[in-house]
Amino acid sequence: MAAEVLSRAKWLYCGEPDESQRAILVQFSNGKLQNPSNMRFTLYKNTDSTNPRKRSQRILAAETDRLSYVGNNFGTGALKCNTLCRHFVGILNKTSGHMEVYDAELFNMQPLFSDESVENELTLESETKTFREKMDSCIEAFGTTRQKRALNSRRMNTVGSESLNRAVAKAAEDIIDTKGVTALVSDAKRDDMQDDSLYLPPCHTDAAKPEDVYKFEDLLSPAEYDALQSPSEAFRNVTTEEILKMIEENSHCSFVIEALKSLPSNEESRDRQARCIWFLDTLIKFRAQKVIKRKSALGPGIPHIISTKLLKHFTCLTYNNGSLRNLVSDSMKAKITAYVILLALHINDFQVDLTTLQRDLRLSEKRMIEIAKGMRLKISKRKVSLAAGTEEEHRLGTLCIPLPPAQASDRQAKRRRIT
């Protein structure tokens, strides 16, 4: 009777035996299962039911007394046959004579060793590393001797920088504990008042005469003054026609033109004035440059001692693209401006038209007044007649005794407010 029922069984497709779960078929990669009674299976599914790709992901775990097995239907360990073909499981119902066919899914079970957990930890650690750390690991394993030496040097520098930062932080804490916050704030204010002195010549505040406040010897040494005799000869012997030609060609700034017009007739005074005017004119032209690559860039006719003074005192030495260059930085431009003002004071009996100099130096009026006040000049106003018959207001700077009180620039006041 059983043979008769079996020969007459009918195909009955039932789909999935459980809701959203196909029947499970397993195969073991390391052999055949001999005793299925001691196997314990556990099926895990992805909890994300909204994602169509993740909701069908399954992990099957099997445990025996000796080994643990794991298989999944996604990732690199999944069998490709699940996507290329369909699997079915048939169950013969002898009572009804139907072969009940269900959808099935094949899992490849692989033994899980303790080394794999270590490997997973290493993989996780590798994922948390930065690109720099991964490159360093590659250099340690496969790098050349030169690369390994550079890596060790960089790591030592990093450690040294961290140690330095900790030392500086500890020193700062010790200073605060020792002096107190109030004393440190007062010291900072006093330092701000001295910032302008970084680009100003020495100021003798106890001088009895204006010419002794900023001594001429601090601007030009005797050797430098003597070196100006030859290049200033053209200014010393300048004629009215030559001055008109300078105005037409716009070869010199307004202050130099006006100073040449009023050269004294006394030979000694005229010689001194001509040397000062020539050096002032050279400073203004020097200030307009940004980078000095070589001494020849200063122009012909400049004595060696003067070119050395310009490069040493009015530029910063920088390194760029494998070569050294002299840079006229913003702080150096401020220093040149201060020296130009002082030369103009010595030329014009210690009173100078700041508006004319400001235009020649292409400075803002605010910045010019800041530097002049930092030099302890008294600022006043004066009406100046123009060629068209109109008048305009100019700012004058006068060096007088007693000196006005020192004033901090607006930039320093702003920095203190921010602090």
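Residues numbered from 1 in each chain as written. Predicted model: local features only at pLDDT ≥ 70, side-chain atom pairs only at ≥ 80, totals over all residues. Heavy atoms only, no water.

A closer look at the nonpolar core
Inference 1: Counting residues in hydrophobic clusters, the biggest one holds 62 residues, and the most contacted among them are Leu260, Phe279, Leu280, Leu283, Ile341 and Met375.
Inference 2: With 12 residues, helix α14 (residues 330-347) is the largest single contributor of residues to this core.
Inference 3: Residues in contact with leucine 260, not counting those within four places in the same chain, are Phe235, Val238, Ile243, Met246 and Ile277. (Core = buried A, V, L, I, M, F, W, Y, C linked by side-chain atoms within 4.5 Å. Buried < 20%, exposed > 50% of the residue type's maximum accessible area, 1.4 Å probe, protein only. Helix = DSSP H or I, 4+ residues; strand = E, 2+ residues; numbered from the N terminus. Contact = heavy atoms within 4.5 Å.)

Considering the packing of aromatic side chains
Inference 1: According to the stated counting rule, one finds 4 aromatic pairs in the structure shown.
Inference 2: Measuring from ring centre to ring centre gives 6.4 Å for tyrosine 13 and phenylalanine 88, while their planes differ by 75 degrees; the resulting arrangement is edge-to-face. A residue pair is termed long-range when its members are at least 10 positions apart, and tyrosine 13 in strand β1 (residues 10-15) and phenylalanine 88 in strand β6 (residues 87-93) qualify at 75 residues.
Inference 3: Taking the relative accessible area as the measure of exposure, phenylalanine 88 reaches 37% and is therefore partly exposed.
Inference 4: Both rings, one in phenylalanine 28 and one in tyrosine 69, keep their centres 5.0 Å apart while their planes meet at 80 degrees; by these two values the pair is edge-to-face. Of the two residues, phenylalanine 28 is situated in strand β2 (residues 23-28) and tyrosine 69 in strand β5 (residues 68-72); the sequence distance between them amounts to 41 residues. For the residue pair phenylalanine 28 and tyrosine 69, the accessibility class agrees, reading buried in each case. (Phe/Tyr/Trp six-rings, centres within 6.5 Å; stacked < 30°, edge-to-face > 60°.)

With respect to helix α12 (residues 267-287)
Inference 1: When the terminal C-alpha atoms of α12 are compared, their 30 Å separation across 21 residues agrees well with the 30 Å that a helix rising 1.5 Å per residue should span.
Inference 2: The buried fraction of α12 is high, at 15 of 21 residues. (Expected span 1.5 Å × (residues − 1).)

Side note on the side chain of threonine 355
Inference 1: Note on placement: threonine 355 falls in helix α15 (residues 354-361).
Inference 2: Apart from the residues within four sequence positions on either side, threonine 355 is in contact with His394 and Arg395.

Topic: unusual backbone geometry
Inference 1: In this chain, isoleucine 401 is followed by proline 402 through a cis amide linkage whose omega measures 0 degrees.
Inference 2: Positionally, proline 402 belongs in the loop between β13 (391-398) and α17 (410-418).
Inference 3: At arginine 376, a residue that is not glycine, the phi angle is positive and equals roughly 70 degrees.
Inference 4: Relative to the elements of secondary structure, arginine 376 occurs in the loop between α16 (365-374) and β12 (378-385).

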